[in-house]
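Structural characterization, general
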Amino acid sequence: MEVGVDRERCEANAVCLGFAPEVFDLDDDENLVITSGPFVGEQVERVSQAVSGCPKNALFITD
Ligand code: SF4
C-alpha cells in the first residue's frame, strides 16, 4: 500500500497525523510530508483510517 496527497485539497489541518504520526508530518511551510511505503501490517489499517478521516478528501491510496 502507498498513499498520496492532492495538495490542492490539503489544508494542513494535521488530522492524518493523529492517525499515523510516523507516516504523516507537516514541514515548516505546512506542506504535508508522507513517509514512503509500502505500508504493512497494522500500519495499513491506520493509513486507511487517515485516508477516510481526512476532512478534505485529500488523501488517496495509490497501490
Ligand atoms: S487530514 Fe487531509 S487536509 Fe488534513 S493534513 Fe492530512 S491530508 Fe491534509
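As a reminder, the structure under discussion sits directly above these lines.
Notes on the structure follow. Predicted model, so just to flag it, every value in this text is computed and none were measured.

What about empty space enclosed by the protein?
This model, assessed by the stated rule, comprises one cavity of 30 Å³ or more. Put simply, the largest cavity is a space of about 80 Å³. Lining the largest cavity are Cys 10, Glu 11, Ala 12, Asn 13, Ala 14, Val 15, Cys 16, Leu 26, Leu 32, Cys 54, Lys 56 and Leu 59. Its residues assigned to classes, the lining of the largest cavity comprises nine nonpolar, one polar and two charged.

Details of the nonpolar core
Membership of the largest hydrophobic core comes to 15 residues, with the highest contact counts inside it found for Val 3, Phe 24, Val 47 and Leu 59. Looking at this core, the elements that each hand over two or more residues are strand S1 (3-5) and helix H2 (42-53). Looking at which element gives the most residues to this core, the answer is H2, with three residues. When residues no more than four places from it in sequence are discounted, the contact partners of Leu 59 are Val 3, Gly 4, Val 5, Cys 16, Phe 24, Leu 32, Ile 34, Ala 50, Val 51 and Cys 54.

Criteria and cut-off values
- Residues numbered from 1 in each chain as written.
- Predicted model: local features only at pLDDT ≥ 70, side-chain atom pairs only at ≥ 80, totals over all residues.
- Heavy atoms only, no water.
- 1 Å grid on protein atoms, 1.4 Å probe; cavity = no way out; pocket = protein on both sides within 12 Å on 5 of 7 lines; lining within 4 Å.
- Points joined across faces, edges and corners; volume = space filled by probe spheres on them.
- Nonpolar A, V, L, I, M, F, W, Y, C, P; charged D, E, K, R; others polar.
- Core = buried A, V, L, I, M, F, W, Y, C linked by side-chain atoms within 4.5 Å.
- Buried < 20%, exposed > 50% of the residue type's maximum accessible area, 1.4 Å probe, protein only.
- Helix = DSSP H or I, 4+ residues; strand = E, 2+ residues; numbered from the N terminus.
- Contact = heavy atoms within 4.5 Å.

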